[in-house]
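Report on the structure
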Amino acid sequence: MSILNLLNRVQSCNANHLLMGANCAEDTPLMKQYTKHLVEEMKLIEGTKLTTDQGHEVEFCFQLIPADMKWLPSMSGELNNCAIYFSPFANVNQTDKTTIGGSIGGPKSTWQPWDYSKRIQVAEKVAKFKAKLKDPDGKQRPEVTKLIAKEKSRQEFVPPLGKYVDLAKAEPLHNTNNAWQHWFSALLPVAMQYSDQVKIKTATVVSDLPNSSPLVALLKCIRETVKCGRLCNSINRWFSEKRKKGISFSYRFTGLESKRFSWNFAHLTEILLQIDKLSSGSVLKLHTLAFIGVQIRDAAAIYSRVDVSKQQVEDLKGLCQKYFTANRLLLDGVNPTVWTVGYAIPYHTSQLFETLGYGLGLNSMQGREAKHVKLAKYVENTCNVKKSMRWWIVFRHEFVCLIWLREMDPYSVIYHEEMKKDPDSYIPKRVKDHDERFCYCGLLKLNVTDEGCMVCTDNVMKLVKQSVFTGKVNNELQQFLK
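Scope of this entry: the structure provided in the associated data block. All values derive from a computational prediction rather than experimental measurement. Going along each chain's sequence as written, the residues are numbered from 1 onward. Restriction of local features to residues with pLDDT of at least 70 applies here, the model being predicted, together with a cutoff of 80 or more for giving and counting side-chain atom pairs; totals for whole chains, interfaces and linings are based on all residues. Side-chain numbers here rest on the full set of heavy atoms in the structure, without hydrogens or water.

Right, let's get into the overall build of the protein. Secondary structure summary: the protein contains 17 helices and 2 strands in total. Only the C-alpha atoms count toward the radius of gyration. The rule for a globule is 2.2 Å times the residue count to the power 0.38. The C-alpha radius of gyration computed for the protein amounts to 25 Å, which stays within 12% of the reference 23 Å derived for 482 residues, consistent with globular compactness. Summarising its shape, the C-alpha atoms of the protein cover approximately 70 × 65 × 50 Å along the three principal directions. The buried share among the 482 residues of the protein stands at 46%. What makes two residues a contact is simply this: any of their non-hydrogen atoms within 4.5 Å. When contacts within the protein are restricted to residue pairs at least 6 apart in sequence, long-range pairs at least 24 apart make up 66% of them. Calculation of accessible area relied on Shrake-Rupley with a 1.4 Å probe; when residues are assessed, cover is drawn exclusively from the protein chains displayed. Accessible surface computed for the protein: about 26000 Å², of which carbon and sulfur atoms make up 53%. Just so you know, the count uses Lys and Arg for positive and Asp and Glu for negative, and it drops His and the chain ends. Charge placement uses NZ in Lys and CZ in Arg. For Asp and Glu, CG and CD serve respectively. Of the side chains in the protein, 65 bear a positive and 49 a negative charge, and the two mean positions are spaced by 6 Å. Under the scheme used here, helices are H or I runs from DSSP no shorter than 4 residues and strands are E runs no shorter than 2 residues, and both carry numbers assigned from the N terminus. Note on exposure labels: buried denotes an accessible area under 20% of the residue type's maximum, exposed denotes more than 50%, and partly exposed covers the range between, all computed with a 1.4 Å probe on protein chains only.

As structure tokens, this is what we get:
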């Protein structure tokens, strides 16, 4: 449970409190049953009026359910994100997901949020249909998913979250991580493609490749400039252990990698643009990635905030639309992450700003992710007790630290403005401070008098921007795509 009204501490692990602990996956039947139990308690809280010592009558209202994209479908009773209707936020499907200039909202919008009554109707139809089948969870599973798709839905069960399923919004942290992960998955193949294929086949580890290899140069930049050693180590392991088995590289970005990519992504595209004899298609791809990187960075800097202005909410719509359009026109197309960042995030940010006056940062799971790390440390420190006692010890420690001590000394948790450190931003300090030596993407300009760096002032970048602005690939870029 997150205490959201603490605002400045909303993303702190100390503002996130444990309600239960279990050594099981989040989508197990036990967790679903516990979720149903919580829903009943939430209804009781909302239905009760309390009176303060001063005589004020208080009512509680639940507004947000922070959730990642794995947990949410399970607790919403939905199919996973590989379904024809892949989004838990609106009725977008695999056919119309590529629509440029679409919108979420009322009947006249391109897509509409899922209606709770319709969810229940579809879940009941599915339950009746399954009752007629012999093996609905095995061989006849395709028939079940076909029925759900025919109903233009992704709903399979009655939502364990009940009516509160409508409070789930796109979550900033995981979507930023997914966006950079998708971005990097398009960049790495370029380095692999232009490395000497004979040496790539014979090499068992990356260090067997010459220093002139684009892959070596990219990894050096990731480690020394971008400062993502964990990612670099993961690529090294994949290269030596999984590459020759035909397994594609896969890595789950964390908030740390996302922030460091936001600061230094342009260095990675610059490194690869220096490769000799780049094809026109690869040149276009790298410039498109440089353009998209700026949109991810600037958008994340807005939708990760708690305090936002009306102008920033409007700016966010433009940034997310440009991110979506560039992926749709010039890269591999639209996947759930691209659609969610392109449409769901600006829609939900606008919703929260209109109803609560705050940004989507209220919905962040940053504090909860930090809490997971802290819980792992708690468990390490209970190694001398029985396994059956571990959660008891953890909950006792949690209670003493976050509740009892605060009751004994409330002033121990007060923040003093003058002691607060300037928080990190997704926009690097050199850009934020308008340092004239640097381009807006973060690279050094050739000269202080120049408008931008070598990448951003290139003619290909101008063509990319023009195509994104018009929503269609112009004739000059068509030559690059052939």
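Now that the structure has been shown, the text picks up again.
Our next topic: the packing of helix α5 (residues 172-193) against helix α9 (residues 255-273). To obtain each axis, a line is fitted to C-alpha atoms, and for helices this fit is confined to the stretch in contact; angles are then taken between N-to-C directions over 0 to 180 degrees. Interaxial distance between α5 and α9 falls to 10 Å at its minimum, and their mutual angle equals 25°. As summarised for this structure, α5 and α9 are arranged roughly parallel, according to the angle between their axes. As α5 runs across α9, the sense of the crossing is left-handed. For the pair α5 and α9, the contacting residues are L173, T176, N177, W180, W183, F184, L187, V190 and A191 in the first and G255, S258, F261, S262, F265, L268, T269 and L272 in the second. Put simply, angles under 35 degrees are roughly parallel, angles over 145 are roughly antiparallel, angles from 65 to 115 are roughly perpendicular, and the rest are oblique. Helix crossings fall into two classes, left-handed where the near helix is turned counterclockwise from the far one by less than a right angle and right-handed where it is turned clockwise.

Time to look at the side chain of N177. Within the element layout of this structure, N177 appears in helix α5. Polar contacts, as counted here, are pairs of nitrogen or oxygen atoms within 3.5 Å of one another; within protein the pair requires one atom able to donate a hydrogen and one able to accept it, and residues that are adjacent in sequence qualify only if both atoms are side-chain atoms. For N177, the side chain forms a polar contact with the side chain of S258, separated by 2.5 Å. Ignoring anything within four residues of it in the chain, the contact list for N177 reads F253, T254, G255 and S258.

Looking now at the environment of L284. Mapped onto the elements, L284 comes out in helix α10 (residues 280-303). Spatially, the C-alpha atom of L284 lies 9.3 Å from that of L331, the residues being 47 residues apart in sequence.

Moving on, we get to a nonpolar patch on the surface. There is a patch of nonpolar side chains on the surface, built from F399, V400, I403, W404, L405 and M408 and spanning about 540 Å² of accessible area. Within the secondary structure layout, W404 lies in helix α14 (residues 387-408). Owing to a relative accessible area of 40%, W404 belongs among the partly exposed residues under this scheme. Patch membership is restricted to residues that have no salt bridge and whose relative accessible area is over 30%. Joining uses 9 Å for like charges and 5 Å for the nonpolar side chains Val, Leu, Ile, Met, Phe, Trp and Tyr. Only one rule defines a salt bridge in this text: a Lys or Arg side-chain nitrogen within 4 Å of an Asp or Glu carboxyl oxygen.

A separate point is the packing of aromatic side chains. Working definition: rings of Phe, Tyr and Trp (its six-membered ring) pair if their centres are within 6.5 Å, and the pair is stacked with planes under 30 degrees apart, edge-to-face with planes over 60 apart, and tilted otherwise. Per the stated rule, a full pass over the model turns up 20 aromatic pairs. Here the aromatic rings of W180 and F261 are separated by 5.9 Å at their centres, their planes lie at 55°, and the arrangement is tilted. Taken as a pair, W180 in helix α5 and F261 in helix α9 lie far apart in primary sequence, 81 residues in all. Taken individually, W180 and F261 each receive the classification buried, so the pair is uniform in this respect. Aromatic side chains W180 and F265 sit 5.5 Å apart centroid to centroid with 40° between the ring planes, which places their arrangement in the tilted category. Of the two residues, W180 sits in helix α5 while F265 sits in helix α9, which places them 85 residues apart along the sequence. One aromatic cluster in this structure is built from W180, W183, F184, W238, F249, Y251, F253, F261 and F265. Distance and angle both matter: a charge sits over a ring if NZ of Lys or CZ of Arg is within 6 Å of the ring centre and within 35 degrees of the ring normal. In this structure, R430 packs its charged tip against the face of F438, placed 5.7 Å from the ring centre.

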